[in-house]
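Spelled out from the first residue to the last, the chains are:
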Amino acid sequence: MTTVSWSGEPGTSRGPGPFLSVRDLSVEFSTEDGVVHAVDGLSFDLEKGTTLGIVGESGSGKSVTNLAILGLHDPAHTQIGGEIWLEDRELITADRATMEKLRGDRVAMIFQDPLTALSPFHTIGRQIGEVYRKHRGASKKEARDRAVEMLRRVGIPQPEVRVDHYPHEFSGGMRQRAMIAMALVCDPDLLIADEPTTALDVTVQAQILDLLKDLQQQFGTSIILITHDLGVVANTADDVLVMYAGRAAERGTVREVLREPRHPYTWGLLSSMPRLNSSVDVPLKPVRGTPPSLLNPPSGCPFHPRCDYPRLAGPELCFGQRPDVSPETGHGDACYLTLEQKRELRTTQASDQTEAQIDARTEDGA
Ligand code: SF4
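What you see is a predicted model, and the numbers here were worked out from it, not measured in a lab.

Enquirer: Any details on the nonpolar core? Residues and values, ideally.
Expert: Counting residues in hydrophobic clusters, the biggest one holds 59 residues, and the most contacted among them are Leu20, Phe44, Ile69, Leu190, Ile192 and Ile224. It is strand S2 (residues 34–46) that provides the largest number of residues to this core, a total of 6 residues. The contacts of Ile192, once residues within four sequence positions are left out, are Asn66, Ile69, Leu70, Val107, Ala108, Met109, Ile110, Ile224 and Ile226.

Enquirer: Any details on the pattern of salt bridges? Residues and values, ideally.
Expert: Under the criterion given, the structure shown has 19 salt bridges. Measuring nitrogen to oxygen at the nearest pair gives 3.5 Å for the salt bridge that ties Arg153 to Glu149. Separated by 4 residues within a single helix, Arg153 and Glu149 lie in helix H5 (residues 140–153), roughly one turn from each other. Using a relative accessible area of 35% as the deciding quantity, one classes Glu149 as partly exposed. What you see here is one network of salt bridges that share partners, running through Asp40, Arg247, Arg322 and Asp324.

Enquirer: Kindly report on the confidence of the model for the protein chain, identifying the contributing residues and their values.
Expert: Parts of the prediction with low pLDDT should not have their coordinates interpreted in detail. Averaged over all residues, the pLDDT of the protein chain is 85; the fraction at 70 or higher stands at 88%. Confidence drops under a pLDDT of 50 for residues 1–12, and excluding neighbours within four residues, the segment shows 35 contacts in the predicted structure.

Enquirer: Give me the packing of helix H4 (residues 124–136) against helix H7 (residues 172–184): which residues, what numbers.
Expert: Axis separation between H4 and H7 bottoms out at 8 Å; the angle between their running directions is 20 degrees. Of the possible angle classes, the one that applies to H4 and H7 is roughly parallel. Remark: the crossing between H4 and H7 carries right-handed chirality. On H7, the residues touching Ile124, Gln127, Ile128 and Val131 of H4 are Ala178, Ala181 and Met182.

Enquirer: Can you lay out the pairing of strand S6 (residues 107–110) for me, pointing to particular residues and giving the numbers?
Expert: With burial as the criterion, each face of S6 is covered, one bearing Val107 and Met109 and the other bearing Ala108 and Ile110. As paired elements, S6 and strand S7 (residues 190–194) share 4 bridges and run parallel to each other. In the strand pairing of S7, Met109 is matched with Ile192.

Enquirer: Explain the pairing of strand S3 (residues 51–55) to me, using residue names and the numbers behind them.
Expert: A large share of S3 lies buried, amounting to 5 of its 5 residues. Side chains Thr51, Gly53 and Val55 of S3 all project onto a buried face; the interleaved residues Leu52 and Ile54 project onto the opposite face, where all are buried too. With 5 bridges connecting them, S3 and strand S8 (residues 222–227) associate as parallel partners. Of the residues in S8, the one forming a bridge with Val55 is Thr227.

Enquirer: Tell me about the side chain of Gln216, residues and numbers included.
Expert: Among the secondary structure elements, Gln216 is positioned in helix H8 (residues 202–219). Looking at Gln216, the relative accessible area reads 12%, which means it is buried. The residues touching Gln216, leaving out its near neighbours within four places in the chain, are Gly49, Thr50, Thr51, Thr221, Ser222 and Ile223.

Reading guide: rules and limits
- Residues numbered from 1 in each chain as written.
- Predicted model: local features only at pLDDT ≥ 70, side-chain atom pairs only at ≥ 80, totals over all residues.
- Heavy atoms only, no water.
- Core = buried A, V, L, I, M, F, W, Y, C linked by side-chain atoms within 4.5 Å.
- Buried < 20%, exposed > 50% of the residue type's maximum accessible area, 1.4 Å probe, protein only.
- Helix = DSSP H or I, 4+ residues; strand = E, 2+ residues; numbered from the N terminus.
- Contact = heavy atoms within 4.5 Å.
- Salt bridge = Lys/Arg side-chain N within 4 Å of Asp/Glu carboxyl O.
- pLDDT = per-residue confidence, 0-100.
- Axes fitted to C-alpha atoms, helices over the stretch in contact; angles between N-to-C directions.
- Parallel < 35°, antiparallel > 145°, perpendicular 65-115°, else oblique.
- Left-handed = near helix turned anticlockwise from the far one by under 90°.
- Pairing = 2+ DSSP bridges.

Written as structure tokens, this is what we have:
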């Protein structure tokens with residue numbers, strides 16, 4: 001993951017940089033109870049043809065961030081700050097017509113639940129074809145032919161027949177494939193997939209993730225994959241961004257973050273995940289406590305109410321100053337512990353886990 005800086009006013013062109021670059025993004029909602037700080041100072045890059053997995057619990061700001069990229073927040077109740085660059089175009093200051101042109105054409109989204117995202121009143125073919133007609137000015141026949149081609153591309157059997165079926169005539173996995181076909185109909189440069197496999201059973205999940213990988217290899221699409229599942233990220237993404245309370249907690253390549261996680265929140269996410277390669281049952285250890293209210297985020301490090309290590313890192317820092325992921329390239333995290341302390345704590349955790357395995361084995365043998 002690279003970080004490139006540039007100079008230039010919002011809304012103007014910039015020099016060469018990453019394909020997508022989000023800089024110091026903030027998203028706030030005005031509610032009756034006050035201002036919700038849903039995203040606070042978030043920066044990340046996405047290179048062309050790569051996949052970035054964004055992980056975190058519900059309410060960590062993953063989906064809000066991506067709705068900001070798509071320009072789908074209600075301007076009457078939302079304040080958005082920072083910059084979002086898609087190549088040489090700044091999106092926060094872009095006008096409505098520009099964003100409407102971009103959505104579905106250069107940038108597309110796959111939603112979590114295809115049943116609610118697809119209209120029950122129109123055939124699958126019509127819904128896929130409409131997007132093509134709108135952005136490419138295609139005739140009805142061209143749009144239908146394109147819908148058949150897209151259904152074939154995403155592995156729907158008998159696409160010439162299925163194109164005239166309604167969503168209720170498709171299984172859950174086929175509906176998700178149809179959603180992917182609709183998202184890809186204009187060959188977008190950027191695909192945002194929001195929990196695309198959560199509503200599917202495990203076998204279909206694997207098929208859909210393989211399909212996304214294949215399509216990316218064929219067409220060089222850049223993908224943002226929003227998920228709470230680090231297993232999905234491990235199998236699919238090149239880079240990972242771990243979000244907590246609207247901020248970046250850790251970022252790096254999949255290998256860096258999963259092999260050498262540095263932030264106590266990432267440790268918590270990993271230890272709450274079942275491991276298939278464990279020879280015995282090891283109890284899962286969820287992150288204690290609950291995510292903070294974004295109406296009134298905690299002072300200092302937003303993770304401090306759930307963290308075991310503020311005393312070690314320095315309470316005056318953890319309770320008083322917000323840590324940031326360093327702006328330099330590569331593996332980075334927002335935690336005041338030193339790298340040495342992090343390594344030592346991870347080693348201790350690993351040996352605790354081994355002890356838990358030995359205990360479980362002993363109990364099994366008893
Ligand atoms: Fe924990 Fe402090 Fe690190 Fe935050 S900065 S994760 S509170 S040790």
